[in-house]
Each structure stands twice: as C-alpha cells, then as structure tokens.
Amino acid sequence: MLDIHFVREHVEGVRENLSRRQYAPYLELFDQVAGEDIAYRKALQEVEGLRAKRNQLTQQVAKVKDNPMEKQKLVQESRSVGEQIILNEKIQKELKEKIHEKLMKLPNLLAEDVPFGKDDTQNVQVKTWGEITEKNFEVLTHAQVAKNVDGAEFDRAVKISGTGFFALKGPLVLLDLALQRYALDMLMRDGFIPYTPPVLMNRAAYEGVTDLSDFGNQLYKIENEDLHLIATSEHPLTAQYMNETLPSSQLPIQLAGLSPCFRREVGKHGLDERGFFRVHQFNKIEQIVICSPEESPAFHTRMVSNTEKLFQGLGIPYRVVNVCTGDLGIVAAKKYDIEGWSPREKKYFELASLSNCTTYQAVRLNIKVSSPDGSKRYAHTLNATAIATARMLRAILENYQTPDGGFDVPPVLQPYMYGLTHIAPVTLVK
RNA sequence: GCAGCGAUGGCGGAGUGGUCUAACGCGCCGGUCUGGAAAGCCGGUCUCUUCACGGAGGCACGAGUUCGAAUCUCGUUCGCUGCGCCA
C-alpha cells in the first residue's frame with residue numbers, strides 16, 4: 001500500500017510513476033484518492049471541531065451539577081452537538097474507508113529501471129550463465145525419469161488429492177532434502193537464520209503481504225476458520241512483524257524460510273498430472289530481508305547473487321530477467337526472475353523470483369524502523385527464492401539425465417546423499 | 001472443547017463514570033554539570049490533524065448505554081491456569 005502521507009506530499013511524482021504502467025484505471029483510482037483525501041481532511045476537521053465543542057459542554061455539566069436548571073440546559077445542548085457528531089463521523093469514516101480501499105488496490109511505485117511490457121514475454125534478459133550443450137540422446141520428461149528411478153507417485157497422489165499433486169519417494173525424497181540442506185547451508189553462511197513458520201495464517205495478516213485477488217485465485221482457505229494455507233514462507237515471515245517498530249540496531253533481519261507452499265492456481269492451465277512444475281504443493285527455501293530503506297537496493301542485489309551462486313553450484317544454466325510492468329504484480333517495486341534451462345524443451349523456465357517490495361508491505365503491515373534519535377520510518381521488505389525444490393528437481397532430472405534413463409547427482413549435493421553419484425532406473429517400475 | 005482469571009505507553013504498573021493533563025517508576029533521546037564520565041537536575045519520548053497557535057483521538061478489537069467511558073453492558077480475539085483430548 002502507498003503511504004497516504006507520501007502521496008499527499010508527492011502527488012505529481014506518484015501520478016507520473018503510476019502512469020508508467022500505462023494502465024488507465026490506476027490513474028483514475030489515484031485521482032479519486034487524491035480528491036477524497038482532501039475531502040476527508042476537511043470532514044475530519046469538522047468532526048474534531050464539534051467534539052471540541054462537546055468536550056467544553058460536558059466539562060461545564062460537571063461544574064454545575066448542583067444547579068438543575070443550568071445543567072438541564074447544557075445537557076440538552078450537548079446532546080444536539082452529539083447528534084451532529086454522529087452524522088459527520090459517518091461521512092468522515094466513509095471517506096476514510098474509500099481511500100483505504102483504493103490504496104489497497106493501487107500498485108507499488110516502480111523502481112527507475114523497471115521496463116514497460118505487456119506480459120512475461122517482454123521481460124528483459126540481463127544476464128545468462130552456463131553453457132548450453134546438446135545431449136546425444138533424446139531427453140525424457142522429468143516425470144518419466146522420476147518414474148524410472150521409482151522416485152515419485154503421480155497417479156496415486158492424484159487419486160487421493162486430485163490433479164496438481166504429486167508424492168515423492170525414495171531417491172527423490174533424499175534429493176529434495178539435499179536441496180533444502182544445500183540452500184540453507186549457503187544462506188546461513190551469508191547471515192540468514194533458518195526459519196520454519198506456521199503454514200496457516202489469518203486474513204488480517206495475509207492482507208498485509210499479498211494482492212487481494214490472491215484470496216480468490218491462489219490461497220486455500222480452511223473451512224469455518226479464519227485461516228489460509230501459505231503460498232510461500234515469505235508471507236508468514238514478513239507478516240509476523242506486523243504492528244512492530246523495530247530499532248535500527250536490530251536490523252537488518254535476514255531469515256531463510258523453509259516451508260511447504262500451497263497454491264490453488266485457479267484459472268491457470270497445465271497443472272501437472274505427471275510432474276513437479278506447476279503443482280499445488282511444493283517445498284521452498286526463501287530469503288527474507290527486512291531493512292532500512294537505504295539498504296534495500298544493495299540487499300536485493302545480494303539476494304540475487306545468492307540464488308545465482310546456488311544455481312551455479314548446481315551447474316544449472318540460467319538467465320536473469322528484469323521483470324517488466326505487465327508481469328510485476330502490485331507488491332514489488334522491482335523484480336528479477338531467474339530461469340533455468342530445459343534441455344528437453346530447449347527453452348528457459350521460471351525457477352526463482354526475487355523482489356524488492358520497498359515500503360509496500362511495510363505500510364500495510366505497519367512495520368517501522370526507529371532511529372536512535374526517535375524518528376520512525378517505514379521499513380523495506382524483500383523476498384527472494386533460494387530454491388523451490390520441485391522445480392529444481394525438474395531442472396536436475398533434465399540437465400543431469402543419463403542415457404540409461406536415470407540421472408547423475410550434482411556433485412554439490414552428493415555429500416547430502418551419502419555420496420551417491422548416480423541414480424539408476426529401477427526395473428521394477430512399469 | 002469446558003471452567004476460572006486476565007489484556008493499560010518500549011517495559012513495569014496505578015487508575016472502576018466528570019478535579020485541565022493515563023499517576024509513578026524504569027529505559028531511551030536532548031540539555032545542564034564535568035578535564036571526561038557517573039549521579040543529580042531540567043525538558044522530551046503513542047497516533048491523526050493544522051503553515052502555525054491549537055485541536056481531536058488513543059487503555060486488545062468491535063458495538064452499545066451516557067451530556068460525558070480506560071472505568072458500565074454485550075459480542076469477538078488473544079493469553080495464562082486447571083480439566084478433557086492428543087503426535
């Protein structure tokens with residue numbers, strides 16, 4: 001959410017920034033907010049004036065308690081002021097709610113170098129890493145390799161939970177855990193503290209960290225409870241600081257979230273019956289940073305570098321793209337995606353998403369930073385995928401695939417897998 | 001799930017319908033003092049609004065009673081203790 005005080009003081013600048021998204025409804029919303037804010041402050045002053053008047057009257061009532069005539073008169077007057085207050089309060093509250101509603105729908109201000117674009121096809125590639133080499137055999141799908149090594153159950157998972165669910169077993173469970181340990185070990189060396197949050201969150205906390213449309217499209221809700229399954233550990237890790245003022249001496253907060261993630265993916269096609277790519281549940285290690293405003297750009301760069309190092313260690317060719325306006329969403333001021341190479345499809349696919357949300361979540365959640373001199377500002381929040389294990393499993397099963405239909409274990413993961421170097425197909429599976 | 005108790009500023013804690021002020025203590029910031037520091041003393045330390053003077057609000061959250069609510073009533077949430085259930 002945009003800070004109304006900031007908006008007030010920078011009406012033209014904010015409007016110009018919003019216009020860079022080239023989406024007229026945002027400007028209309030913004031102009032309404034700006035107008036309603038002026039009306040709101042006027043209404044507020046009227047209400048406060050009336051309340052001041054009533055305060056004076058009620059204090060006089062206390063003084064003339066022993067004079068029934070005088071008292072009666074003052075009570076009468078005070079009562080009529082009270083009625084006016086109720087009317088004016090209603091107007092003032094309605095304006096306040098209207099403004100809040102609209103502010104919740106307006107997107108974050110864009111960082112300077114966010115490119116304009118319609119959708120994810122117009123993201124701008126800023127870097128590639130790794131050598132793309134042709135395999136001298138036909139590359140199987142990751143789901144086929146998973147079956148070959150008896151590392152997953154697809155049909156049975158669908159039987160009990162529906163399409164978009166999968167179960168890991170055997171070597172892929174070990175590989176999934178190895179990826180988690182590998183990512184955690186690296187992040188801990190960079191000062192991130194491992195953190196496993198609750199996977200259920202109430203609505204008030206959730207509204208602080210996500211786009212409102214996610215409630216319909218993305219989040220699972222528990223029936224008859226004010227609880228939602230988290231779509232990423234970013235959400236609880238960030239929201240847990242809501243309504244807190246953090247002393248600058250306690251910053252930055254760096255957490256390495258480890259949790260399962262749950263996504264409904266309503267309206268999106270291609271949910272996997274056989275695979276790990278677009279699914280309802282997966283494990284993810286996430287980098288979270290809460291810091292002072294001036295620190296966030298440097299942290300963003302550092303978090304991207306961390307994820308790159310993880311991918312480089314795994315030996316997965318990738319590219320980094322600067323996400324354009326049409327694919328950015330409303331929360332981030334700037335976002336990079338990292339896409340890994342698929343030797344089967346011969347194209348890049350999304351593996352990680354790394355965002356600087358500046359004050360957007362902090363305003364909604366009311367998270368502030370206090371300086372030693374007592375001044376307070378909104379904090380900046382950042383989140384970045386380290387490894388989403390399901391998608392990384394696909395990357396490994398394709399890039400490390402061997403002609404026998406199995407796969408090699410990336411060397412950096414071998415210490416986490418009892419030194420295993422190769423996972424061979426099992427003849428028992430169909 | 002049931003019962004009892006509870007929720008007040010960064011922290012501890014007073015206040016149970018009206019004295020202009022949420023007392024007092026701790027912590028923190030600034031000043032004074034000092035060669036420097038500590039102690040002491042003075043001032044500041046929730047939010048909104050106003051160019052400013054000032055004004056309004058704020059005692060878990062939401063309604064209500066009243067001329068007037070931290071204080072009374074109802075609902076909700078959360079916490080503590082005990083019982084029940086339980087990996």
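The structure presented is a predicted model; accordingly, all values stated were derived computationally and were not measured. (Residues numbered from 1 in each chain as written. Chains lettered and ligands numbered in written order. Predicted model: local features only at pLDDT ≥ 70, side-chain atom pairs only at ≥ 80, totals over all residues. Heavy atoms only, no water.)

Draft legend 1. Here's a closer look at the packing of aromatic side chains. Taken as a whole, this structure holds 8 aromatic pairs when the rule is applied. Centroid distance Phe 166 to Phe 276: 5.0 Å. Interplanar angle 50°. Geometry classified as tilted. Of this pair, Phe 166 sits in the loop between α6 (155-161) and β3 (167-168) while Phe 276 is found in the loop between β8 (253-262) and β9 (281-291), placing the two residues 110 residues apart along the sequence. Phe 276 shares its class with Phe 166; the two are buried. (Phe/Tyr/Trp six-rings, centres within 6.5 Å; stacked < 30°, edge-to-face > 60°. Helix = DSSP H or I, 4+ residues; strand = E, 2+ residues; numbered from the N terminus. Buried < 20%, exposed > 50% of the residue type's maximum accessible area, 1.4 Å probe, protein only.)

Draft legend 2. Seen up close, the UniProt feature "site: Important for serine binding" (unreviewed entry) in chain A. Feature annotation in UniProt places "site: Important for serine binding" (unreviewed entry) on Thr 385, given in this structure's numbering. Relative to the elements of secondary structure, Thr 385 occurs in strand β15 (residues 380-388). (UniProt positions renumbered as here; feature names shortened; annotations may be inferred.)

Draft legend 3. Highlighting the sheet that holds β8. In space, the 8 strands of this open sheet follow the order β1-β10-β11-β12-β15-β9-β8-β4, with mixed pairing throughout. The open sheet is flanked by β1 (124-129) and β4 (193-195), the only strands paired with a single partner. Direction aside, the axes of adjacent strands within the sheet are offset by 25° on average. Inspection of the sheet shows β9 paired to β15 by 8 bridges, in the antiparallel sense. (Pairing = 2+ DSSP bridges. Axes fitted to C-alpha atoms, helices over the stretch in contact; angles between N-to-C directions.)

Draft legend 4. Quick look at the confidence of the model for chain A. The predicted model of chain A has a mean per-residue pLDDT of 90, with 98% of residues at 70 or higher. Ranking the helices and strands of chain A by mean pLDDT puts helix α11 (residues 296-314) first, with 97, and helix α9 (residues 214-217) last, with 82. (pLDDT = per-residue confidence, 0-100.)

Draft legend 5. Seen up close, the pairing of β15. β15 sits mainly inside the fold: 9 of its 9 residues count as buried. Two elements, strand β12 (residues 347-356) and β15, share 3 bridges in a ladder whose sense is antiparallel. Paired with Leu 354 across the two strands is Ala 384, which belongs to β15.

Draft legend 6. Just the protein's contact with RNA strand B, in detail. Residues in contact with RNA strand B amount to 18 residues; listed here are only the nearest, Arg 8, Glu 48, Thr 58, Ser 78 and Arg 79. Backbone sugar and phosphate groups make up 78% of those atoms of RNA strand B lying within 4 Å of the protein. One nitrogen or oxygen atom from the side chain of His 5 is found 3.1 Å from a phosphate oxygen belonging to RNA strand B. Separating a phosphate oxygen of RNA strand B from a side-chain N or O atom of Asn 55 is a distance of 3.1 Å. (Near = heavy atom within 4 Å. Polar contact = N/O pair within 3.5 Å; in protein donor to acceptor, adjacent residues only side chain to side chain.)

Draft legend 7. Examining the environment of Gly 257 more closely. By the element assignment, Gly 257 lies in strand β8. Each C-alpha atom, one on Gly 257 and one on Thr 232, is 8.8 Å from the other, the two residues being 25 residues apart in sequence. If sequence neighbours within four positions are ignored, Gly 257 has contacts with Tyr 195, Ser 233, Leu 237, Lys 284, Ile 285 and Glu 286. (Contact = heavy atoms within 4.5 Å.)

Draft legend 8. Highlighting unusual backbone geometry. Along the chain, Leu 251 connects to Pro 252 via a cis peptide bond; the corresponding omega equals -5°. If you trace the backbone, Pro 252 turns up in the loop between β7 (244-247) and β8. Although it is not a glycine, Asp 150 sits at a positive phi angle of roughly 55°. Looking at the secondary structure, you find Asp 150 in the loop between α5 (142-148) and β2 (152-153).

Draft legend 9. Representation of the UniProt feature "binding site: L-serine" (unreviewed entry) in chain A. Sites flagged by UniProt as "binding site: L-serine" (unreviewed entry) map to Thr 232, Arg 263, Glu 286 and Asn 383. Here Ala 231 takes part through its backbone oxygen, which lies 2.9 Å from a polar atom of the side chain of Arg 263. Summarising the element assignment, Asn 383 is placed in strand β15. A relative accessible area of 7% places Asn 383 in the buried class. Leaving out residues up to four positions away in the same chain, Asn 383 has contacts with Glu 234, Glu 286, Gln 287, Ile 288, Met 303, Ser 353, Leu 354, Ser 355 and Cys 357. A polar side-chain atom of Asn 383 sits 3.4 Å from a polar atom in the side chain of Glu 234.

Draft legend 10. Representation of the packing of helix α7 (residues 171-189) against α11 in the model. Orientation of α7 relative to α11, taken along the N-to-C sense of each, is 135°, at an axis distance of 11 Å. Relative to α11, α7 is oriented oblique. Considering only the axes of α7 and α11, their crossing is right-handed. Contacts between α7 and α11 involve Leu 179, Tyr 182, Ala 183, Met 186 and Leu 187 on the former and, on the latter, Asn 306, Lys 309, Leu 310, Gly 313 and Leu 314. Residue composition of the contact of α7 with α11, grouped by class: 7 nonpolar, 2 polar and 1 charged. (Parallel < 35°, antiparallel > 145°, perpendicular 65-115°, else oblique. Left-handed = near helix turned anticlockwise from the far one by under 90°. Nonpolar A, V, L, I, M, F, W, Y, C, P; charged D, E, K, R; others polar.)

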